[in-house]
Amino acid sequence: MENRTVEFQAMMNELASPPKQLEDSMQRARRRARRTRMLRRFSAPLGTVASVAACFVLMVNLFPTFALACSSVPVIRELAAAVAFSPSLSAAVAHDYVQYIGQSQTVDGVKVDLGYAIVDQHQMVFVYSIDGGRFYTSPELLDENGDHIAAAYSTSNVKGDISGQANGMESMILSFSAPNELPERFTINMYFLAEQQPETPAMPAPPKASLGESIEDWTDPKNDPGVLCFTFDVALDMNRIAQPITVPVNRWMELDGQRIQVERLEYTPTRTILYLGEDQANTAWLKSLKFWFEDQSGRRYDDKDGSLVSSSTLESPSQLTYYFQSFYYDPPKGLTLCVDKAEWLDKDAPHVVVDLTSGEATGLPAGVELVEVHPVGGGVELTILSPTLREQFAQSFSHTYWDPEGGEHKWHQVSTIRVDAEDSGSGEAKHKEVFYLDNYSWDTVELELSYTSVAEYPEPVRVSLAAER
């Protein structure tokens, strides 16, 4: 190991000190660049940079030492940050699917550089750097009239600095649950906190992840203490937004007595989308599906590679749209859908009613038990235990609950943890969920289940995804 470290350091020293021949070539290149600068007017097409990216992406992924060494070169460092966290986005950059933004703004000593965007019909990825601050919460998108862009989206924020430095490139991924007409021009408000200095009071913690609130529930982060707003006006090149590749399938499968249709696959540069349908005669809603893809050689694909896993529509509570690693640039041949788990919600499922005085609950799914009702401040903490199979799915109750007077409330705190067999009291490992009823003074509460049963298929259900003929 010591020898490898010495080799690495020697390589880094060589990179830091280029040979004389290279130094001479660089001097000649600089003189030529000065002679032609006035003709070129400082312009360099993005495609010139991105054409290098194809080779560069391979080097970054295959040779970590090369990636580390290149991280000090500004343009290459940005590209490295843009591709480091996602195979799908790596492929997009390698194929010149990047739009240059190149805007910078400083507010109260905090500087944000909005560098690049990767945009298709379903997702926008912004690559930026921040100096002196940190991410606070999801951005706000406005059209040219200043109105909210009416599209549901989830946001994830990833620090992509391959060198491990504090102020590296980060990415902000906006995943649209319903494709819409992307505006050519829009405004994005990004929200950050200044890095806390030792002598300054503590800044507020970033808000907890949204539990599915609508735009009507949205509150302006600019009103939160210590939050800085950075506003960028973005103009997209609509000619560089690729149209999706559609593979029609239209095949049915039966799961637990319910009929589900595999309608089509859609490939975009940033992800693959699987569209399902359902038989209206089904007695349960499909709340979640666990699956992978296999190609004709048996290779397995199970990388979701995105912040949004599935979504539903206003027409049905079923989760019928699923998001996956992009196959846009290298579509596998002979794909098969392999389903091994499904989660269902009976259409006639009653609400769960909990007596907060006795700790009794009615209507819980099989294998689920309420183990503790604990007053906390002005609220109540509910703890339930479920089979470990539930670890792979969403929380057990929907986002809304009701008091006995019909008042509607929403969860703001939910925590989950695995309980080992020796600590569960049953001799089996369990999935533990803790729900917090904020400022709740009633003796009973009515909860809405997010599922009623989970099925696991030891032999996966397989559906060919070959295009319909």
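Higher on the page you've got the structure.
Cut-off values and rules
Residues numbered from 1 in each chain as written. Predicted model: local features only at pLDDT ≥ 70, side-chain atom pairs only at ≥ 80, totals over all residues. Heavy atoms only, no water. Pairing = 2+ DSSP bridges. Helix = DSSP H or I, 4+ residues; strand = E, 2+ residues; numbered from the N terminus. Axes fitted to C-alpha atoms, helices over the stretch in contact; angles between N-to-C directions. Core = buried A, V, L, I, M, F, W, Y, C linked by side-chain atoms within 4.5 Å. Buried < 20%, exposed > 50% of the residue type's maximum accessible area, 1.4 Å probe, protein only. Contact = heavy atoms within 4.5 Å. Salt bridge = Lys/Arg side-chain N within 4 Å of Asp/Glu carboxyl O. Phe/Tyr/Trp six-rings, centres within 6.5 Å; stacked < 30°, edge-to-face > 60°. Lys NZ or Arg CZ within 6 Å of the ring centre and 35° of its normal.

> How do you make sense of the sheet that holds strand β9 (residues 245–255) when you look at a structure like this?
Hydrogen bonds along the backbone pair up the strands of a sheet, which may run parallel or antiparallel. Reading across the sheet, the 5 strands line up as β9-β10-β11-β15-β14 and stay open at both edges, with antiparallel pairing between neighbours. Of all strands in the sheet, those with a lone pairing partner are β9 and β14 (310–313), marking the two edges. Here the average twist between neighbouring strands, direction ignored, is 25°.

> What's the story with the nonpolar core in this structure? I'm lost.
Here is a general trend for soluble globular proteins: nonpolar side chains tend to be buried in one another's company. Counting residues in each nonpolar core, the largest one holds 69 residues, and the members touching the most others are Leu289, Phe293 and Leu337. If you tally residues by element for this core, the top one is strand β2 (residues 110–119), at 7 residues. The contact partners of Phe293, leaving out residues within four places of it in the chain, are Leu265, Arg299, Arg300, Tyr301, Phe324, Phe327, Leu335, Thr336, Leu337 and Leu465. Formed by 20 residues, the second largest nonpolar core is a distinct cluster that contains Val380, Leu382, Phe397 and Phe435.

> What should I look at first to understand the pattern of salt bridges in this one?
Pairing between side chains of opposite charge can happen when their charged atoms approach one another. The full count for this structure, using the stated rule, is 8 salt bridges. Between Lys341 and Asp340 there is a salt bridge, and its shortest N-O distance comes to 3.3 Å. Across the pair Arg390 and Glu343 runs a salt bridge, and its minimum N-O distance is 2.1 Å. Taken as a pair, Arg390 in the loop between β20 (379–387) and β21 (397–402) and Glu343 in strand β16 (residues 336–346) lie far apart in primary sequence, 47 residues in all. Ionic contacts of the salt-bridge type, sharing partners, join the residues Asp340, Lys341 and Glu456 into one network.

> Would you mind going over the environment of Leu276 with me for this structure?
Mapped onto the elements, Leu276 comes out in strand β11 (residues 272–278). Look at Leu276 and you get buried, because its relative accessible area is 5%. Sequence separation between Leu276 and Arg264 is 12 residues, and the spatial gap between their C-alpha atoms is 7.3 Å. Leaving out residues up to four positions away in the same chain, Leu276 has contacts with Ile260, Gln261, Val262, Glu263, Leu286, Leu289, Leu320 and Tyr322.

> What am I meant to see in the sheet that holds strand β8 (residues 227–235) here?
Here 3 strands make up an open sheet; going across it, the order is β4-β7-β8 and the pairing antiparallel. Edge positions in the open sheet fall to β4 (133–142) and β8, since each of these has one partner strand only. Looking at each pair of strands side by side, their axes are set apart by 25° on average, direction ignored. Relative to strand β7 (residues 185–194), β4 runs antiparallel, the two sharing 7 bridges. Counted as the bridge partner of Arg134 is Leu193 from β7.

> Any chance you could explain the packing of aromatic side chains here in plain terms?
Working definition: an aromatic ring pair is given by the centre-to-centre distance plus the angle between the planes. The full count for this structure, using the stated rule, is 19 aromatic pairs. An angle of 50° between the planes, with centres 4.9 Å apart, marks the rings of Trp411 and Phe435 as tilted. On the criterion of sequence distance, the pair formed by Trp411 in the loop between β22 (408–410) and β23 (414–419) and Phe435 in strand β24 (residues 430–437) is long-range, its members being 24 residues apart. One aromatic cluster is present, formed by Tyr267, Phe291, Phe293, Tyr301, Tyr322, Phe324 and Phe327 through successive ring pairs. Directly above the ring of Tyr275 sits Arg264, whose terminal nitrogen or CZ lies 3.7 Å from the centroid.

> Would you mind showing me how to read unusual backbone geometry here?
Peptide bonds are mostly trans, and most non-glycine residues show a negative phi. Phi is positive for Asp96, which is not a glycine, with a value near 65°. By the secondary structure assignment, Asp96 is in the loop between α6 (87–94) and β1 (99–107). If you check the backbone angles, Asn250 has positive phi at about 55° while not being a glycine.

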